[in-house]
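Residue-level structural notes
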Amino acid sequence: MAKMAGRACHRMYSAADTEEGHYKQRLSEALVASLKTAPHEFSVVYQPQYQLATGEMAGLEALLRWHHPEFGAVSPADFVPVAEQRGHIHELTEHLVRCILADLPKAAEGLPSGLRLAINISARQISDSRLQQLLDVLFARIRQICWLPEIEITETHLMHLSAECLARLRDFGDQGVSVAVDDFGTGYSSLAYLHTLPVHVLKIDRQFIKRLGGVGTDSRIVSAILGIADALELEVVAEGIENGAQYRMLNDLKCHRGQGFLMARPATWDAIKLLFFDTCQ
Ligand code: C2E
Ligand code: MG
Ligand code: MG
Ligand code: MG
């Protein structure tokens, strides 16, 4: 009986596994085809970040979107890893940067100066010289409109960077680009290691923000991260703020910046400007 159940389980697992593998394969083929022939399916949205103490807009994070005629809206959490595995992350980032460059002139009108504009970069791209040229152009244009460039790298990737990539990150810092550790708290970087990294910002992962402000509130991890940041003189951004209680707790804990659906969802420039205009009334 147990053997049969075991076999049944095994069959179920394999079927789901094959289905998932099949989906990924189709997604991967569609991604490659769309990048080649239908780049307009990819777009960029921006999610505002705020200074928690004052409620002022402090920056924006650029996030990729892909709308495929058959698959519909595909999450970047699904297609970015596929692009990385299939060796197409460069094309995707190139497209992202081109979209941002095209958007920047209109973005600058009607929004304050001094905003940070953050883009997510895959760790394996950091030492890519083609990307370097493109990023240099982007950073120069961001500075031209008196904004500040920021790059986000996930904590898990950051821990495995080569000496060459770390040197590149240091160069970014020297050029005034701030480096943020994305999804902080989900990797295992030690205090000692973090201290040696050329980073300026910690972005607390959404899973820790979820535990704030409700039944069974647990602020210990967020407090610990803020303590680490304070000791290392790093700025802290909380991601995924969805309710007022979370916002208030983070502000009480002296978290600097925050982003989340409570304040604004990722949106186009036109929508962001309307939002900015409304909150300034
Ligand atoms: P991330 O960089 O940690 O981005 C934050 C994600 O949280 C975004 O999902 C955003 O829409 C979502 N989010 C923001 N506020 C809230 C909230 O209050 N509640 C909830 N439930 N979610 C919130 P998105 O846009 O689906 O992106 C997912 C991930 O895909 C990103 O995580 C990032 O790792 C990756 N990604 C997105 N765009 C790019 C890109 O241009 N390049 C690379 N390499 N990765 C990207
Ligand atoms: Mg990010
Ligand atoms: Mg994040
Ligand atoms: Mg995250």
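This text goes with the structure placed above it.
Quick summary incoming for the structure in this document.

Cut-offs applied
Residues numbered from 1 in each chain as written. Chains lettered and ligands numbered in written order. Predicted model: local features only at pLDDT ≥ 70, side-chain atom pairs only at ≥ 80, totals over all residues. Heavy atoms only, no water. Helix = DSSP H or I, 4+ residues; strand = E, 2+ residues; numbered from the N terminus. Rg over C-alpha atoms; globule rule 2.2 N^0.38 Å. Buried < 20%, exposed > 50% of the residue type's maximum accessible area, 1.4 Å probe, protein only. Contact = heavy atoms within 4.5 Å. Areas by Shrake-Rupley, 256 points an atom, 1.4 Å probe, with all protein chains shown as cover. Lys, Arg positive; Asp, Glu negative; His and termini not counted. Charge placed at Lys NZ, Arg CZ, Asp CG, Glu CD. Donors = N, O, S within 2.8 Å, 3.2 Å for Na, K, Ca; no water. Near = heavy atom within 4 Å. Polar contact = N/O pair within 3.5 Å; in protein donor to acceptor, adjacent residues only side chain to side chain. Axes fitted to C-alpha atoms, helices over the stretch in contact; angles between N-to-C directions. Parallel < 35°, antiparallel > 145°, perpendicular 65-115°, else oblique. Left-handed = near helix turned anticlockwise from the far one by under 90°. Nonpolar A, V, L, I, M, F, W, Y, C, P; charged D, E, K, R; others polar. Core = buried A, V, L, I, M, F, W, Y, C linked by side-chain atoms within 4.5 Å. Arc of directions from axis to C-beta. Phe/Tyr/Trp six-rings, centres within 6.5 Å; stacked < 30°, edge-to-face > 60°. Lys NZ or Arg CZ within 6 Å of the ring centre and 35° of its normal.

Turning our attention to the overall build of the protein chain. Counting its secondary structure elements, the protein chain contains 11 helices and 9 strands. Since a compact globule built from 281 residues should have a radius of gyration of about 19 Å, the 20 Å found for the protein chain is in line with a globular shape. For the C-alpha atoms alone, the extent of the protein chain along its principal axes is close to 65 × 50 × 45 Å. Within the protein chain, the proportion of its 281 residues that are buried is 46%. Summarising the internal contacts of the protein chain: among those between residues at least 6 apart in sequence, 69% fall at separations of at least 24. Surface summary for the protein chain: the accessible area is close to 14400 Å², and the carbon and sulfur share equals 55%. In the protein chain, 27 side chains carry a positive charge and 34 a negative one; their mean positions are 5 Å apart.

What follows is about the coordination of the magnesium ion (ligand 4). With distances of 2.3 to 2.5 Å, the protein atoms coordinating the magnesium ion (ligand 4) are D183 (OD) and E239 (OE). With a relative accessible area of 22%, D183 lands in the partly exposed category. On the basis of relative accessibility, which here comes to 11%, the residue E239 falls in the buried class.

Near ligand 1, the surroundings consist of 23 residues, among which R65, D182, R206, E242 and F261 are the closest. Between ligand 1 and the protein, one listed contact pairs an oxygen atom with a side-chain N or O atom of E61 at 3.0 Å. The side chain of N120 places a nitrogen or oxygen atom 3.0 Å from an oxygen atom of ligand 1. With the chains in place, 85% of the 800 Å² that ligand 1 exposes on its own is no longer accessible.

One can describe the packing of helix α3 (residues 89-108) onto helix α4 (residues 129-144) by two numbers: an axis separation of 10 Å at closest approach and a directional angle of 15°. When the axis of α3 is compared with that of α4, the two are roughly parallel. Note that α3 runs across α4; the crossing there is left-handed. Residues H90, T93, E94, V97, R98, I100, L101, L104 and P105 of α3 lie in contact with α4, whose contacting residues are R130, L131, L134, L135, V137, L138, R141 and I142. Considering only residue class, the contact of α3 with α4 consists of 11 nonpolar, 2 polar and 4 charged.

If you look at the biggest cluster of nonpolar residues, it comprises 80 residues, and the most contacted ones within it are I100, W147, I151 and L169. If sequence neighbours within four positions are ignored, W147 has contacts with L60, L104, A107, A108, L111, P112, S113, G114, L115, L117, I142 and W269.

Below, the discussion takes up helix α10 (residues 244-252). Among all positions in α10, only Q246, Y247 and L250 are buried. Projected down its long axis, α10 carries its buried residues within an arc of 100°, all on one side. Residues of α10 that are exposed and point over 90 degrees away from its buried face: R248 and D252. On the buried face of α10, the contacting elements are β1 (42-51), α8 (206-210), α9 (220-232) and β8 (235-239).

Attention now moves to the packing of aromatic side chains. Two numbers describe a pair of aromatic rings. These are the distance of the centres and the angle of the planes. Summed over all chains, the structure comprises 7 aromatic pairs. For the pair F42 and W66, a centre-to-centre distance of 5.3 Å together with 15° between the ring planes defines the contact as stacked. With F42 in strand β1 and W66 in strand β2 (residues 57-68), the pair connects residues that are 24 residues apart, well separated along the chain. Judged by centre distance (5.8 Å) and plane angle (80°), the rings of F139 and F172 are edge-to-face. Here the residue F139 occupies a position in helix α4, and F172 occupies one in helix α6 (residues 163-174), the gap between them amounting to 33 residues. For the cation-ring pair, R265 lies above F261, with the distance from its terminal atom to the ring centre recorded as 3.8 Å.

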